[in-house]
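Below, each chain spelled out in residue letters.
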Amino acid sequence: MLSSLIPRRLAPVARHARLYSAQLSAPSPATAATLPYRVLRNSRGSIPVFTDIRNGGTRYQVLIRNVEGNVDALAHDLRTSLFPPGSNEAERMRIETTRQRHIVLSGGRWKADVLRWLAQRGF
């Protein structure tokens, strides 16, 4: 019985983890240091951006979790610079702050856009 466990422990373990929100570009610490908020990565090193589909697939939400600092400043920056002003996406996007550490974006499927935007900011 013990001999069957030894080879497994010594063999390298291959991880098959999904890294959807892994680092998309080289971080810019100077940019992230000047902002009044921080989005901390989770224990796997991913940016904590998630999707939540409700009402039988009719309501799609993007959640940003673990925000430290001024959450309202992050919401304002998302509102003004995620999409060009006056665009259809900017008009549809609604942003809520929940529990003073999380942001909920609703009105479209923008997880990839939010991940790209956060990575460009150095998170």
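Small disclaimer: the values here were computed from a predicted structure and weren't measured. (Residues numbered from 1 in each chain as written. Predicted model: local features only at pLDDT ≥ 70, side-chain atom pairs only at ≥ 80, totals over all residues. Heavy atoms only, no water.)

Draft legend 1. Region of the structure containing the pattern of salt bridges. One pass over the structure, following the stated rule, counts 4 salt bridges. The partner of D77 in a salt bridge is R121, and the shortest N-O contact between them spans 3.8 Å. Of this pair, D77 sits in helix α3 (residues 71–81) while R121 sits in the segment after α5 (111–120), and the two are 44 residues apart along the sequence. D77 gets classed as buried once you look at its relative accessible area, which sits at 17%. With a shortest N-O distance of 3.1 Å, D113 and R116 are connected by a salt bridge. With D113 and R116 both in helix α5 and 3 residues apart, this pair spans about one turn of that helix. Judged by relative accessible area, which is 24%, D113 ranks as partly exposed. (Salt bridge = Lys/Arg side-chain N within 4 Å of Asp/Glu carboxyl O. Helix = DSSP H or I, 4+ residues; strand = E, 2+ residues; numbered from the N terminus. Buried < 20%, exposed > 50% of the residue type's maximum accessible area, 1.4 Å probe, protein only.)

Draft legend 2. Focus on the confidence of the model for the protein. Residues at a pLDDT of 70 or more form 74% of the protein, whose mean pLDDT is 81. Counting contacts from residues 9–19, a segment whose pLDDT is below 50, to residues more than four positions away or on other chains yields 2 contacts. (pLDDT = per-residue confidence, 0-100. Contact = heavy atoms within 4.5 Å.)

Draft legend 3. Spotlight on α5. By the burial criterion, the buried members of α5 are V114, L115, W117, L118 and A119. The secondary structure elements touched by the buried residues of α5 are β1 (37–39), β2 (49–54), β3 (59–64), α3 and β6 (102–106). One or two steps after α5, the chain reaches G122, where phi turns positive at roughly 100 degrees.

Draft legend 4. Geometry of the sheet that holds strand β5 (residues 94–98). Sheet architecture is open: 4 strands sit in the order β2-β3-β6-β5, paired in antiparallel fashion. A single partner strand is all that each edge strand has here, and the edge strands are β2 and β5. Direction aside, neighbouring strands of the sheet carry axes that sit 25 degrees apart on average. Where α3 meets the sheet, it contacts β3, β5 and β6, and its direction lies at approximately 25 degrees from that of β6. Across the sheet, α5 is in contact with β2, β3 and β6; its angle to β2 comes to roughly 165 degrees. (Pairing = 2+ DSSP bridges. Axes fitted to C-alpha atoms, helices over the stretch in contact; angles between N-to-C directions.)

Draft legend 5. Structural detail: α3. What α3 keeps buried is the set V71, A73, L74, A75, D77 and L78. A distance of 3.2 Å separates the backbone nitrogen of D72 from a side-chain oxygen at the start of α3, and that oxygen is part of N70. (Polar contact = N/O pair within 3.5 Å; in protein donor to acceptor, adjacent residues only side chain to side chain.)

Draft legend 6. Focus on the pairing of β6. A large share of β6 lies buried, amounting to 5 of its 5 residues. Where burial is concerned, the two faces of β6 agree: the one with H102, V104 and S106 and the one with I103 and L105 are both buried. Inspection of the sheet shows β3 paired to β6 by 4 bridges, in the antiparallel sense. What sits directly across from V62, in β6, is L105. Examined bridge by bridge, β5 and β6 share 5 bridges and lie antiparallel to one another.

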